[in-house]
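One letter stands for each residue in the lines below.
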Number of protein chains: 2
Amino acid sequence: MAPAAGNVAHMSEAVIDDEVAVLLDAVDQRYTTGRRRLVAALQEGVGPLTINEISATDENLPQSSIYRNLAVLEEAGVVTRIVTNDDFARYELAEKLTAHHHHHLICTACGIVVDFELDGRVERTLDQALAGAAKEAGFTPMDHRLDLLGLCRDCQ
Amino acid sequence: MAPAAGNVAHMSEAVIDDEVAVLLDAVDQRYTTGRRRLVAALQEGVGPLTINEISATDENLPQSSIYRNLAVLEEAGVVTRIVTNDDFARYELAEKLTAHHHHHLICTACGIVVDFELDGRVERTLDQALAGAAKEAGFTPMDHRLDLLGLCRDCQ
DNA sequence: ACCTGAAATGAGAATGATTGCCATTTTAAA
DNA sequence: TTTAAAATGGCAATCATTCTCATTTCAGGT
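Residues numbered from 1 in each chain as written. Chains lettered and ligands numbered in written order. Predicted model: local features only at pLDDT ≥ 70, side-chain atom pairs only at ≥ 80, totals over all residues. Heavy atoms only, no water.

A. Main features of the relation of the copies chain A and chain B. At an RMSD of 0.1 Å, chain A and chain B line up after a rotation of 180° and a shift of 0.0 Å along the axis. Such a combination of rotation and displacement between the chain copies is what one expects of a two-fold axis. Closest to the rotation axis within chain A is the C-alpha of A:L146, separated from it by 2.2 Å. When the interface residues of chain A are mapped onto chain B, 95% of them again lie at the interface, so the same face is used by both copies. (Least-squares fit on C-alpha atoms with pLDDT ≥ 70 in both. Contact = heavy atoms within 4.5 Å.)

So this is what it looks like as structure tokens:
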């Protein structure tokens, strides 16, 4: 685990980097330059990024390596793959690393995805309700996903 | 609108059929035999179905027609396209027709999707919280989507 | 620093869900 | 019925993603 973080809003880049190294090591993977650049690109994004957005952010990352390394990073629990409604998968740093459980505002017109957080009280209410529903259906709950679909400021 | 339904849990097939006809008519589309078979197939499913599942349900539907007609039906607001985390899009009848706002339990192992409903109180709490978050981000909210990810009874 | 085998890389080929095309069939309305 | 427009279905094309493999980089022992 990372050292106690006090009340800072975000883990520092350095701390995240250390965490990533640990997570990769746990699945016998190296934290190479390409993977570092990938993590950096995702850190800069305001929300989950598509492969193309990552490519645009960092010209030196070949597409095949982006795909392969995002798969490795996902396997290691470093990134999360997000599927919205358009044809492009998106990736963001795992909540484990950002320390922010959050959800997504998805623009149905341009596809952009923006993060938001829910009030803790609402989140707990939701969790309970979901646990109940899962139990009833014989599901073992692992995670949940809440998206708001709408139009972003630019697409109204 | 459909006639007042009293307290029945489901719209009858006939009523749904009428609604579909109206919705298609509104976008100048015909309610052909193939489209009727598609709607029937979706009505039988316990949750959203993939193209393959629909094909399996009704041998007489050619794949290209399934794709094309699902697109038409979605355009008309008859069906909703669901994207989970696997590689297959899924389709279900629009909530407008089933009269049940619901969410999905998604098995991360086999991909099966099962419907469930949330308590009205929780749903309202959620709506308010989402409206607030949307406003803050300059989004115009249109819909929301809540999925529980976990393991189904068979995949534990 | 130098080997050396294993892991990672990157360019391009292959895969596969989805979409587009078009000749034929069906439909609705005159 | 005739007829023009819409729908169909088989197949080709598209395109995000995955696979392949020859080359490069890495880690760890010397």
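Here the narrative resumes, following the displayed structure.
B. Fine view of the domain arrangement of chain A. Residues and elements named next belong to chain A. The domain architecture assigned to chain A consists of domain 1 (1-100) and domain 2 (101-156). The interface of domain 1 with domain 2 comprises 11 residues on the first partner and nine residues on the second. When domain 1 packs against domain 2, close to 900 Å² is buried across both sides, 48% of that on carbon and sulfur atoms. Summed over the shared surface of domain 1 and domain 2, the result is zero salt bridges. For the pair domain 1 and domain 2, the interface holds seven residue pairs in polar contact (both at pLDDT 80 or more). (Domains from an automatic or database assignment. Buried area = accessible area lost by both parts, 1.4 Å probe. Salt bridge = Lys/Arg side-chain N within 4 Å of Asp/Glu carboxyl O. Polar contact = N/O pair within 3.5 Å; in protein donor to acceptor, adjacent residues only side chain to side chain.)

C. Seen up close, the state of the cysteines. Under the criterion given, the structure shown has zero disulfides over all chains. Residue B:C152 stays outside any disulfide, its sulfur separated by 3.7 Å from that of B:C107, the closest cysteine. (Disulfide = S-S within 2.5 Å.)

D. Molecular detail of the interface of chain A and chain B. With 37 residues of chain A at the contact, the number on the chain B side is 35 residues. Buried area between chain A and chain B, summed over both chains or domains, comes out near 3500 Å², and the portion from carbon and sulfur atoms is 62%. Here B:R145 ties to A:D147 by a salt bridge, and the two come within 3.0 Å at their closest N and O atoms. For the pair chain A and chain B, the interface holds 16 residue pairs in polar contact (both at pLDDT 80 or more). The set of elements that each furnish at least two residues to the side of chain A that touches chain B consists of β2 (79-83), β4 (103-107), β5 (113-116), α6 (120-137) and β6 (140-151) of chain A. Among the elements that line the side of chain A that touches chain B, the one with the most residues is β6(A), at 12 residues. Among the residues making up the side of chain A that touches chain B, the classes are represented as 23 nonpolar, eight polar and six charged. Relative to strand β6 (residues 140-151) of chain B, β6(A) runs antiparallel, the two sharing 11 bridges. (Helix = DSSP H or I, 4+ residues; strand = E, 2+ residues; numbered from the N terminus. Nonpolar A, V, L, I, M, F, W, Y, C, P; charged D, E, K, R; others polar. Pairing = 2+ DSSP bridges.)

E. Region of the structure containing the protein's contact with DNA strand D. The immediate surroundings of DNA strand D are formed by 16 residues, with A:Y67, B:Q29, B:T32, B:S65 and B:R68 found nearest. For DNA strand D, the backbone portion of the atoms within 4 Å of the protein, that is sugar and phosphate, comes to 70%. Residue B:R68 places a side-chain N or O atom 2.4 Å away from a base nitrogen belonging to DNA strand D. Secondary-structure elements contributing two or more residues to the surface near DNA strand D are α4 (63-75) of chain A together with α4 (63-75) of chain B. (Near = heavy atom within 4 Å.)

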